[in-house]
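If you want the building blocks of each chain, they are given just below.
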Amino acid sequence: MSDFRSSLRENGLLSHPLRWAVLVSGLFVLVIVGGFFAVALWSIGERVAREPEPEPELGQEQRPVEPPPRVPVDPAPVEPDVAAPPPALMPAPDLEAIGAGGDGPGDSPPETADPEAVELGLSDSDVAMRASTDPLDVWAREMATVVDAPPLALRAYANAESRLRAEQPACGISWTMLIGIGRVESDHGRFAGAELGNDSRPSIPIYGVPLDGSPGVLAIPDTDGGELDGDDVWDRAMGPMQFLPETWELFGRDADGDGVADPQRLDDAALSAATYLCAADRDLTSGPGWWSAVFSYNNSVDYGQRVFGLAETYAGYVPEEP
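Residues numbered from 1 in each chain as written. Predicted model: local features only at pLDDT ≥ 70, side-chain atom pairs only at ≥ 80, totals over all residues. Heavy atoms only, no water.

## Some remarks on the environment of Gly189
Here Gly189 is to be found in the loop between helix H8 (175–186) and helix H9 (245–251). In the structure, Gly189 is positioned 13 residues away from Pro202 in sequence and 5.2 Å away in space, judged by C-alpha atoms. Discounting residues that sit within four places of it in the chain, Gly189 has contacts with Ala194, Glu195, Leu196, Pro202, Ile206 and Pro240. (Helix = DSSP H or I, 4+ residues; strand = E, 2+ residues; numbered from the N terminus. Contact = heavy atoms within 4.5 Å.)

## Considerations on the confidence of the model for the protein
Averaged over the protein, the pLDDT score is 82; the fraction of residues at 70 or greater is 70%. Within the model, pLDDT remains below 50 along residues 7–15, and this stretch shows six contacts once partners closer than five positions in the same chain are excluded. Low confidence marks residues 101–112, where pLDDT is under 50. Its contacts with residues over four positions away, or in another chain, come to 27 contacts. (pLDDT = per-residue confidence, 0-100.)

## Considerations on the environment of Glu227
Looking at the secondary structure, you find Glu227 in the loop between H8 and H9. Take Glu227: its relative accessible area is 70%, and that puts it in the exposed class. Considering only alpha carbons, one finds Glu227 and Pro245, 18 residues apart in sequence, at a separation of 8.8 Å. (Buried < 20%, exposed > 50% of the residue type's maximum accessible area, 1.4 Å probe, protein only.)

## Considering the side chain of Thr275
Along the chain, Thr275 turns up in helix H10 (residues 266–277). Under the relative-accessibility criterion, Thr275 is labelled buried at 14%. At a separation of 2.9 Å, a polar atom in the side chain of Thr275 contacts the main-chain carbonyl oxygen of Leu271. When near neighbours in sequence (up to four residues on either side) are disregarded, Thr275 contacts Leu164, Phe251 and Arg253. (Polar contact = N/O pair within 3.5 Å; in protein donor to acceptor, adjacent residues only side chain to side chain.)

Right under this line is the structure:
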């Protein structure tokens with residue numbers, strides 16, 4: 001202990017009490033200041049962590065977080081010929097309205113990208129449809145808020161209804177029948193993970209199984225030399241609406257005016273399907289007429305009941321309020 005005190009004396013700390021007091025006071029001040037800064041930093045961090053998200057500005061568009069729920073493909077409890085599905089609450093625009101307004105169908109994106117669309121990862125076709133004032137595009141994007149089908153598919157079905165309503169008004173076809181068939185046949189061109197492209201073609205061409213007479217399969221030898229279905233031995237159903245080559249040769253139509261009737265394009269296939277269903281002067285608003293048409297497409301009661309159930313469900317859908 002005496003050695004320690006001697007050391008202190010040699011260093012001058014005990015010999016100069018004022019220096020000792022200054023040193024102790026300085027250390028005390030540093031502790032107080034450091035504590036103050038620590039508390040301040042902790043308080044700022046807590047305030048930032050609890051800072052609420054800013055409220056959206058009034059009038060800002062609120063997009064649904066999730067897509068519309070999927071409608072189950074269940075057979076409707078209805079017997080053939082008894083009834084047709086009810087008319088749609090939201091029919092497609094008529095041709096007069098389509099020809100009267102809008103800046104054309106959404107087939108190309110605008111020059112300036114919509115920042116919200118980019119953030120949401122929307123396709124070029126979706127971006128174009130958001131900006132389009134064409135009545136078919138407006139109808140399709142509004143119905144897409146409640147109907148579980150791509151807007152381009154809805155546009156194809158609505159265009160087919162509008163065209164046939166003008167060409168064969170007595171037929172009474174509705175987009176709800178077409179969307180029911182499109183859902184059962186290929187999920188609107190999305191079969192096996194495909195996506196519907198900007199040109200309304202599935203990203204993976206859709207072909208049915210070879211119709212070779214296997215158990216549960218018809219035997220239909222090749223009728224097109226494999227030109228349409230890629231099979232020069234047996235016929236196969238083709239495209240989103242699953243046309244046979246021979247039927248396509250009779251009823252295939254060009255819906256988009258590019259000079260080619262393509263069974264893989266949903267807009268062409270939807271118009272062709274509507275034409276086929278309205279053949280033989282059928283009245284699709286009557287039970288016998290509706291069932292005759294669907295049986296001509298697929299002669300199966302279960303198939304007809306599934307299409308009926310979907311058409312009946314979609315007929316009651318109306319767009320969400322903007």
